[in-house]
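Structural characterization, general
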Amino acid sequence: MRRLLSLSFAFILVALPSFALQQPPSPPEGFVPASSLPGQEQLPAAPLVIIAYAVVWLLVLGYLWSIWSRLTQAERELADVSRRLAAGQRR
Amino acid sequence: MKKLFTPLLIVTAALFAYAPFAIQNAPYESTMGLVQKIFYFHVPAWIAMFLAAMVCGIAGAIVIFAGRKDADRVALAAAELAVVFGLMGLITGPLWGRKAWGVWWQWDARLTSALVMWLVFVAYLLLRKYGGAGSEKLSAVLALFGMANVPFVYWSVNVWRTVHPKTSVVMTLEPSMGIPFLLCSLAFVGLFAVLLAARVRLETVRASVDELYLSLED
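On a predicted model such as this, the values are computed, not experimentally measured, just so you know. (Residues numbered from 1 in each chain as written. Chains lettered and ligands numbered in written order. Predicted model: local features only at pLDDT ≥ 70, side-chain atom pairs only at ≥ 80, totals over all residues.)

1. Comments concerning the interface of chain A and chain B
Formally: Here the contact rule is simple: place C-beta atoms from the backbone, and any two residues whose C-beta atoms are within 7 Å are in contact. Secondary structure elements follow DSSP: runs of H or I of four or more residues count as helices, runs of E of two or more count as strands, with numbering from the N terminus. The classification used treats Ala, Val, Leu, Ile, Met, Phe, Trp, Tyr, Cys and Pro as nonpolar, Asp, Glu, Lys and Arg as charged, and all other residues, Gly among them, as polar.
Every contact between the two is made by 26 residues of chain A and, on the other side, 30 residues of chain B. Considering each element in turn, the side of chain A that touches chain B owes the most residues, 24 residues, to helix H2 (residues 45-90) of chain A. Residues belonging to the side of chain A that touches chain B are distributed by class as follows: 20 nonpolar, two polar and four charged.

Okay, structure coming up:
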């Protein structure tokens, strides 16, 4: 799993500069009325706004969960080692 | 910090609960319309990212020159937050750009420098995870480079030609847009402080576990 993650990350690092080399689309020859734009250009804003806010909330909640689970694990380990240490000192 | 944590958590939660209503009541921007509302989370996410980068850099400098372990814990926590808040900015920005500029991404000065700064903090975390013993000081140097990027990223829109709005946009906001923006910015700064405190606490507990293991071996 870790190797797969490392490989994916390495791929992203290698692929990013190749996107930078892509040529930008050529400018239009003349003015185009908005009504005759292809469907792709008449993009509704609402889904983009909803996705943006959902991403922010998911990242915040995901990170909070990550800290909480790591902290719980570390505190459990701390209690366990403290108990072992106390038992060792009593002997 | 312990005394401040609960009030800060309550204030931050209240600000985040109120933020959607403030954003909804803010007027539509004349040229971009609804999609401009991403601004109210996008810019505060970058403010929190810059804050995290500066905290990480300052803590890194303390690690390098004073060798303090508590500063190292703060630097690691801040670096992780810089990656999280940076990721928010890097995802919400293209969603805005797709509608406002017609493209998801443009390799201009602002976007590229922001991506590079984010990658510096990803590198910091990778170095801490896989760098082995002694990686603290090496990563502290990386934190300084990450912090040094902040003014370049901030002023890049004013110095170079870029599709990104200039920094003057924030200063010239109408009160009807400025107040929701201020609320969201305060919410993100509060969130940063709360998460930083929680993340530092995690590192402190981990350090205590390591110390106890050493005592156990003795």
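There's more to say after this.
2. Points about helix H4 (residues 109-130) of chain B
Residues and elements named next belong to chain B. To keep things clear, this is the line we draw: Here the expected span of a helix is defined as 1.5 Å times the quantity of residues minus one. Here a residue counts as buried when 20 or more other C-beta atoms fall within 10 Å of its C-beta, as exposed when 12 or fewer do, and as partly exposed in between; the C-beta atoms come from the backbone.
Taking 1.5 Å per residue, 22 residues should reach 32 Å; H4 reaches 31 Å between its end C-alpha atoms and fits that length. Of the positions making up H4, those classed as buried are Arg 110, Leu 111, Ser 113, Ala 114, Met 117, Trp 118, Val 120, Phe 121 and Tyr 124. As for H4, its buried residues are in contact with helix H2 (39-66), helix H3 (69-100) and helix H5 (135-159). Immediately downstream of H4, the backbone of Gly 132 shows phi near 75 degrees, a positive value.

3. Thoughts on the nonpolar core
Going by this rule: Think of a nonpolar core as buried Ala, Val, Leu, Ile, Met, Phe, Trp, Tyr and Cys residues, each tied to the set through C-beta atoms within 7 Å.
Within the largest apolar cluster, 64 residues are counted, with the highest numbers of intra-cluster contacts made by Ala52(B), Cys56(B), Ala75(B), Ala78(B), Leu81(B), Ala82(B) and Phe192(B). Going through the elements one at a time, H2 of chain A together with helix H1 (2-25), H2, H3, H4, H5 and helix H7 (175-217) of chain B are the ones with two or more residues in this core. Of all the elements, H2(B) adds the most residues to this core, at 16 residues. Each residue touching Ala52(B), except ones within four places of it in the same chain, is listed here: Ala78(B), Leu81(B), Ala82(B), Phe85(B) and Phe192(B).

4. Comments concerning the environment of Leu195(B)
Examined against the element boundaries, Leu195(B) turns out to sit in helix H7. Among the residues examined, Leu195(B) registers 23 C-beta atoms within 10 Å and is labelled buried. Setting aside residues up to four positions removed in sequence, Leu195(B) forms contacts with Tyr63(A) and Leu81(B).

5. Points about the packing of H3(B) against H7(B)
A packed helix pair is summarised by two numbers, namely the angle formed by the two axes and the spacing between the axes. Residues and elements named next belong to chain B. What counts here: With axes taken as lines fitted to C-alpha atoms, and helix axes fitted only over the stretch in contact, angles between N-to-C directions fall between 0 and 180 degrees. Angular relationships are summarised with four words: roughly parallel below 35 degrees, roughly antiparallel beyond 145, roughly perpendicular across 65 to 115, and oblique for the angles in between. The hand of a helix crossing depends on one turn: near helix anticlockwise from the far one by less than a right angle means left-handed, and clockwise means right-handed.
As a packed pair, H3 and H7 sit with axes 9 Å apart at the nearest point and diverge in direction by 130 degrees. The angle between H3 and H7 falls in the class oblique. Every pair of crossing elements has a handedness; the one defined by H3 and H7 is right-handed. In this structure, H3 contributes Lys 69, Arg 73, Val 74, Leu 76, Ala 77, Ala 78, Glu 80 and Leu 81 to the contact, and H7 contributes Phe 192, Leu 195, Leu 196, Arg 199, Val 200, Glu 203, Thr 204 and Ala 207.

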